[in-house]
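Spelled out, the chains give:
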Amino acid sequence: MCGIIGFTGARDCAELLIRGLEQLEYRGYDSAGIAVAGADGFAVCKAVGRIANLREKLGAALPAGHTGIGHTRWATHGRPSEENCHPHLDEKGRVAVVHNGIIENYLALKARLEEAGVRFSSETDTEVVAQLLGYYYTGDMKQTLLKVLPMLEGSFALGVLDANAPDALYCARRHSPLLVGLGRGEQYIASDAAALIEHTREMITLEDGDIGVLTAAGAAIYGPDGAPRARAPMHVSWDAGAARKNGYPHFMLKEICEQPQALRDTLAHYVDLERLEIRREQMPFDRQQALALKELTIAACGTAYHAGMMGRALLENIAGVRARAEIASEYRYGPVILPGGGPDSAVFLAVSQSGETADTLAALRRAKGLGMRAIAFSNVIGASIAREADTVMYTLAGPEIAVASTKAYLTQVLLFEILALDLAHLRGRITGEALKQRLAQLAALPGQAQAVLNRKEMVLNFAKRNRACRDVFFIGRLTDYTTSLEAALKLKEVSYLHSEAYAAGELKHGTIALIDEETLVAAIATQPEILQKTYANMQEVKARGAYLLLIGTPGANLPEDCEVWPVEGVHPTLAPLLATIYAQLLAYYTALMHGCDIDKPRNLAKSVTVE
Ligand code: F6R
């Protein structure tokens, strides 16, 4: 996602900031900018597109100054443009800010400041931070931060410059990572180690609530009460490649582990978690359109198609909206029968991480050609599918670099959950009170995802024990069947192991002939009303010699000698997401055991722009 770099020391820093931004390019971005503190305020330069554009704009004469901040922006609030690009300044040009994360209450804060006469110049949530710091400025930036940060809801990693203190660099963190790099006579901040490694290997990881005040002489860290905090630096021994992965051996594992944050960011964009209300301005249907809706057709490919299948079930179960999930490459050529009715009766929804998949784009064009309104879920701002859709809902998963899609899938399913709840409410299927309860359950999801990730050693040990396994069948019913499809796809694409998904009740109609002592059957069973049915299917395959894994809810009649990866204490519509995380980890660790090229599996491409 976005990247931060900051420096204070005794040398001019503009070149160092740009170099730092280049080290962060792998995270994905659509614009970049720097601010350098000089004797007469800030020199600011911003450019849309590549960092090369920023270099070109700056020309040969880089601004002089020993303290500065830089940022690569991956647009969330507001399109990629110079106005929206960081650093943001307050209206008096006294404060400069770079920010990663999302300020959830920025609209309310902005309205308050505008009432007080403050003029804004961008669409971003970040500008609110700069304006607040300018508005409440006490003459001392540390004190001002202590006053302003409690007003902010959401997540942030901040780099801040104060024109009155051009030899100091300020920073703060809540829920978004930020490192402080310690050098000799110079200090740094960065969103990840990749930007710092060529300067220093001594780094402090800021903790939530920390505020840092950095000068050439050193770095002082304070807690939210303003009292000093001792933070021991770590020595980073990674090479530059590992640093880009923040110490993870592969992007796939990094992205699996980023899922709690991806869920949190996406949720915060669509739901006011304080009031437990859906942000109506982000939703594609008003009440009239929701009532007129007769059928929603979802089209996508691969993992995004599985998200679409999950979406179909959520829309039907929660909102009572008839929905179909179509493989985009089939939809583009197959017959389409529209339900009849007004222009809002048949709506099309494309799901895509990259926003560039050729078949999904063609399906969207076809639907539009048939007169349907087209909505898109996209993880990439301004991608072709996002541009051509009538309405876009972005997943805020951050850039996905590993070929195998993980965090995008979870956020796509989360979006379907929010959409289904919104439609259910608009169509009078659930009360406002029930909606709040469901949103509160959604708010707990990132923490529950983290609890699954905390058990990753268990999955690793299982993968070690089962490295000789030849065939894997994933079985499940209803949404657990959809999770089985995703689990089988993930396992085969990264580990090259043969894996299949079957609706649990269907196996005995033929495929059960393949089951023997060398077959692992992983049953996904999270749905209380059909748990016993899936257990019974597990008994059938156990009787044929298969060895068993349950990803789901254990209970009476579960076959003995079955490994259990628990999914418990979560609403049934959210349970598949937690089961999916286990399946992703299983795919990852199995591929690791087999020595596969995990981030770039053979024959696959991240963005499939051909038919
Ligand atoms: C599997 C995977 C692919 C993509 C598919 C669609 O892990 O990543 O199946 O899901 O190629 O890609 P997007 O979502 O970019 O349209």
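Residues numbered from 1 in each chain as written. Predicted model: local features only at pLDDT ≥ 70, side-chain atom pairs only at ≥ 80, totals over all residues. Heavy atoms only, no water.

Enquirer: Teacher, can you tell me more about helix H4 (residues 126-135) here?
Expert: Since there are 3.6 residues in each turn of an α-helix, residues three or four apart along the chain are aligned in direction. For H4, the buried fraction is high: nine of the 10 residues fall into the buried class. Along H4, the residues classified as buried are Thr126, Glu127, Val128, Val129, Ala130, Gln131, Leu132, Leu133 and Gly134. Looking at the buried positions of H4, the neighbouring elements they touch are strand E5 (88-89), strand E6 (95-103), helix H3 (106-115), helix H5 (141-148) and strand E7 (154-162). (Buried < 20%, exposed > 50% of the residue type's maximum accessible area, 1.4 Å probe, protein only. Helix = DSSP H or I, 4+ residues; strand = E, 2+ residues; numbered from the N terminus. Contact = heavy atoms within 4.5 Å.)

Enquirer: How do you make sense of the sheet that holds strand E13 (residues 218-222) when you look at a structure like this?
Expert: Remark on secondary structure: sheet strands pair via backbone hydrogen bonds, oriented parallel or antiparallel. Across the sheet, six strands lie side by side as E5-E6-E7-E8-E12-E13; this open sheet has antiparallel pairing. Pairing within the sheet leaves two strands with one partner each, and these edge strands are E5 and E13. With four bridges joining them, strand E8 (residues 169-174) and strand E12 (residues 211-215) adopt antiparallel strand pairing. Bridging from a neighbouring strand, Tyr170 pairs with Val213 of E12. (Pairing = 2+ DSSP bridges.)

Enquirer: Can you walk me through the site of the ligand in this structure?
Expert: As a matter of local geometry, the ligand sits amid 13 residues, with Ser352, Gln353, Ser354, Thr357 and Glu493 nearest to it. Separating an oxygen atom of the ligand from a side-chain N or O atom of Ser352 is a distance of 2.6 Å. In the model, an oxygen atom of the ligand is placed 2.5 Å from a nitrogen or oxygen of the Thr357 side chain. Protein coverage of the free-state accessible area of the ligand, which is 400 Å², stands at 89%. Among the detected pockets, the ligand sits in the second largest pocket. Those elements that provide at least two residues to the shell around the ligand are helix H10 (302-319) and helix H17 (479-495). (Near = heavy atom within 4 Å. Polar contact = N/O pair within 3.5 Å; in protein donor to acceptor, adjacent residues only side chain to side chain. Areas by Shrake-Rupley, 256 points an atom, 1.4 Å probe, with all protein chains shown as cover. 1 Å grid on protein atoms, 1.4 Å probe; cavity = no way out; pocket = protein on both sides within 12 Å on 5 of 7 lines; lining within 4 Å. Sits in = over half its atoms within 2 Å of the grid points.)

Enquirer: What should I look at first to understand the domain arrangement of the protein chain in this one?
Expert: Many authors give the size of an interface as the accessible area that is lost as the parts come together. As assigned here, the protein chain comprises domain 1 (3-243), domain 2 (251-448) and domain 3 (455-593). A C-alpha centroid distance of 33 Å is found between domain 1 and domain 2. Every contact between the two is made by 15 residues of domain 1 and, on the other side, 17 residues of domain 2. Summed over both sides, the interface between domain 1 and domain 2 buries roughly 1,300 Å², with carbon and sulfur atoms accounting for 61% of that surface. For the domain 1 face of the interface with domain 2, the top three residues by lost area are Tyr26, Trp74 and Glu104, together amounting to 42%. Our count for the contact surface shared by domain 1 and domain 2 stands at zero salt bridges. (Domains from an automatic or database assignment. Buried area = accessible area lost by both parts, 1.4 Å probe. Salt bridge = Lys/Arg side-chain N within 4 Å of Asp/Glu carboxyl O.)

Enquirer: How do you make sense of the side chain of Gln131 when you look at a structure like this?
Expert: Counting through the fold element by element, Gln131 comes out in helix H4. For Gln131, a relative accessible area of 2% corresponds to the buried category. Looking at Gln131, its side chain comes within polar contact range of the main-chain oxygen of Arg119, at 3.2 Å. Residues contacting Gln131, with those up to four places away along its chain left out, are Leu89, Asp90, Glu91, Leu113, Val118, Arg119 and Phe120.

Enquirer: I'm lost on the pattern of salt bridges in this one. Help?
Expert: Where charged atoms of side chains with opposite charge meet at close range, the side chains can pair. According to the stated counting rule, one finds 34 salt bridges in the structure shown. One salt bridge in this structure joins Arg79 and Glu123, with 2.6 Å as the shortest N-O distance. Residue Arg79 is found in the loop between strand E4 (67-73) and E5, and its partner Glu123 is found in the loop between H3 and H4; the two are separated by 44 residues along the sequence. Between Arg324 and Glu295 there is a salt bridge whose closest N-O contact spans 3.7 Å. Note that Arg324 is positioned in strand E18 (residues 322-327) and Glu295 in strand E17 (residues 295-300), a separation of 29 residues in sequence. Taking the relative accessible area as the measure of exposure, Arg324 reaches 25% and is therefore partly exposed.

Enquirer: Explain the pairing of strand E24 (residues 519-525) to me, please; I cannot follow it from the model alone.
Expert: The buried fraction of E24 is high, at seven of seven residues. Burial along E24 is two-sided: the face carrying Thr519, Val521, Ala523 and Ala525 and the face carrying Leu520, Ala522 and Ile524 are both buried. Note that strand E22 (residues 471-476) and E24 share five bridges and pair parallel. If you follow Phe474 over to E24, its bridge partner there is Ala522.

Enquirer: For this particular structure, what's the right way to read helix H1 (residues 14-23)?
Expert: The element H1 is largely enclosed, with a buried count of seven among its 10 residues. For H1, the full list of buried residues reads Ala14, Leu16, Leu17, Ile18, Gly20, Leu21 and Gln23.

Enquirer: Sorry if this is basic, but what is going on with the environment of Ala116 here?
Expert: Within the secondary structure, Ala116 is located in the loop between H3 and H4. According to the relative accessible area criterion, Ala116 is partly exposed, its value standing at 43%. When the C-alpha positions of Ala116 and Tyr135 are compared, they lie 9.5 Å apart, and in sequence the two are 19 residues distant.

Enquirer: Teacher, can you tell me more about the layout of surface pockets here?
Expert: The gaps of empty space that remain are located by a probe, the size of a water molecule, rolled over the atoms. The calculated volume of the largest pocket comes to roughly 1,100 Å³. Along its surface, the largest pocket is lined by 42 residues, and Ser176, Pro177, Asn246, Glu258 and Gln261 are the ones closest to its centre. The element contributing the most residues to the lining of the largest pocket is helix H8 (residues 259-270), with five residues. Among the residues forming the lining of the largest pocket, the class breakdown is 21 nonpolar, 11 polar and 10 charged. In terms of domain composition, the lining of the largest pocket takes at least three residues from each of domain 1 (3-243) and domain 2 (251-448). Lining the second largest pocket are 30 residues, and of these Cys301, Gly302, Thr303, Lys606 and Val608 sit closest to its centre. Residue assignment for the lining of the second largest pocket shows that the elements contributing at least two residues are H10, strand E19 (346-352), helix H12 (358-369) and H17. Considering each element in turn, the lining of the second largest pocket owes the most residues, five residues, to H10. Two domains each put at least three residues into the lining of the second largest pocket: domain 2 (251-448) and domain 3 (455-593). (Points joined across faces, edges and corners; volume = space filled by probe spheres on them. Nonpolar A, V, L, I, M, F, W, Y, C, P; charged D, E, K, R; others polar.)

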